[in-house]
Amino acid sequence: MRSINRIVFATDFSDSSAQAFPYALLLAEAYRAQLYLFHAVVLHADDPHSPTHRFPDRERLYEQLHDTAEVALASATTAHDTEVQIYQASRRALSPLAAILDFIEECG
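Below: a short report on this structure. Bear in mind that the values here come from a model prediction, so they are computed numbers and not experimental data.

The next subject is a nonpolar patch on the surface. Residues L97, L101 and I104 make up a contiguous nonpolar surface patch of roughly 280 Å² in combined accessible area. One can find I104 in helix α3 (residues 96-107). On the basis of relative accessibility, which here comes to 39%, the residue I104 falls in the partly exposed class.

As structure tokens, then:
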């Protein structure tokens, strides 16, 4: 039987993500795995193929989105009473899928 050591739970902070999180937590508890709570900060203005999406100050917007994500990740991490090691991470990316796959590779 395969051993699960790490679980990456990608969240967009939606209600659906909030409902799915307890299941990720249960899996982590059952396998005694580390749980990585991950959020991709996506700015469409970063996409060089989408010149129609322009923001006045992309860096300030990114910082605001990043700070909001950090608060939400910390809140989700402390909201559950568990002995599972929960790590928080967020990355800036052009697409959530690319960010998730890069993070999974980074985590091994």
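Having put the structure on the table, let's press on.
Relative to the assigned elements, I100 resides in helix α3. I100 sits in the partly exposed class, given a relative accessible area of 23%. Sequence-distant contacts of I100, defined by excluding residues within four places in its chain, comprise A10 and F38.

What follows concerns the sheet that holds strand β3 (residues 86-93). Taken together, the three strands give an open sheet; going across it, the order is β1-β2-β3, and neighbouring strands pair in parallel fashion. The open sheet terminates on both sides in strands that have one partner only, identified here as β1 (6-10) and β3. When strand polarity is set aside, the average angle formed by the axes of neighbouring strands in this sheet is 25 degrees. Relative to β3, strand β2 (residues 34-42) runs parallel, the two sharing eight bridges. Across the sheet, A40 pairs through a bridge with R91, a residue of β3. Most of the contacts of helix α1 (residues 15-31) go to β1, to which it runs at about 180 degrees, and overall it touches β1, β2 and β3. Sheet contacts for α3: β1, β2 and β3; angle to β2, the most-contacted strand, approximately 145 degrees.

Here is what the cut-offs are and how they apply
Residues numbered from 1 in each chain as written. Predicted model: local features only at pLDDT ≥ 70, side-chain atom pairs only at ≥ 80, totals over all residues. Heavy atoms only, no water. Patch = residues over 30% accessible without salt bridge, like charges linked within 9 Å, V, L, I, M, F, W, Y side chains within 5 Å. Areas by Shrake-Rupley, 256 points an atom, 1.4 Å probe, with all protein chains shown as cover. Salt bridge = Lys/Arg side-chain N within 4 Å of Asp/Glu carboxyl O. Helix = DSSP H or I, 4+ residues; strand = E, 2+ residues; numbered from the N terminus. Buried < 20%, exposed > 50% of the residue type's maximum accessible area, 1.4 Å probe, protein only. Contact = heavy atoms within 4.5 Å. Pairing = 2+ DSSP bridges. Axes fitted to C-alpha atoms, helices over the stretch in contact; angles between N-to-C directions.

These values are about where atoms sit, not about what they do.
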